[in-house]
Amino acid sequence: MNTELWCDPEAMRFKTISEFKDSLRRGGEIVIEWNGNTYGIFNNGQKFFIVTPSIHTTFFDTPDELLEYRIGDERLRDIITQVDVNDRAL
């Protein structure tokens, strides 16, 4: 028997920057997609970090610093409510 889980993409999407920061501060492991690329965003208890498609990892002290990270020509802060969220703790 196969079990298929499904979640409404809109339910996964971050509605506000505050919602994103709260999820990240509580240890949320977040996987987003933007322009066909997948990124992992994590909190290891000491630092916040993002893992890019090339497996490059960049660390930050605060969620606000992480939100200044540039994905292409855009800051994460400017696109976080528009990205496709593939996985996150709700």
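Because the structure is a prediction, the values reported are computed rather than measured.

**Q** How would you summarise the environment of Thr58 if you had to cite specific residues and measurements?
**A** The residue Thr58 is located in strand β4 (residues 57–60) in this model. For the pair Thr58 and Asp87, spaced 29 residues apart in the sequence, the C-alpha separation amounts to 20 Å. If sequence neighbours within four positions are ignored, Thr58 has contacts with Phe48, Phe49, Ile50 and Tyr69. There is a polar contact of 3.2 Å between the side chain of Thr58 and the side chain of His56.

**Q** Help me get a handle on the confidence of the model for the protein, residues and values and all.
**A** Residues at a pLDDT of 70 or more form 91% of the protein, whose mean pLDDT is 90. Element-level pLDDT for the protein is lowest in helix α1 (residues 9–12), with a mean of 78, against a maximum mean of 98 in helix α4 (residues 76–79).

Basis of the calculations
Residues numbered from 1 in each chain as written. Predicted model: local features only at pLDDT ≥ 70, side-chain atom pairs only at ≥ 80, totals over all residues. Heavy atoms only, no water. Helix = DSSP H or I, 4+ residues; strand = E, 2+ residues; numbered from the N terminus. Contact = heavy atoms within 4.5 Å. Polar contact = N/O pair within 3.5 Å; in protein donor to acceptor, adjacent residues only side chain to side chain. pLDDT = per-residue confidence, 0-100.

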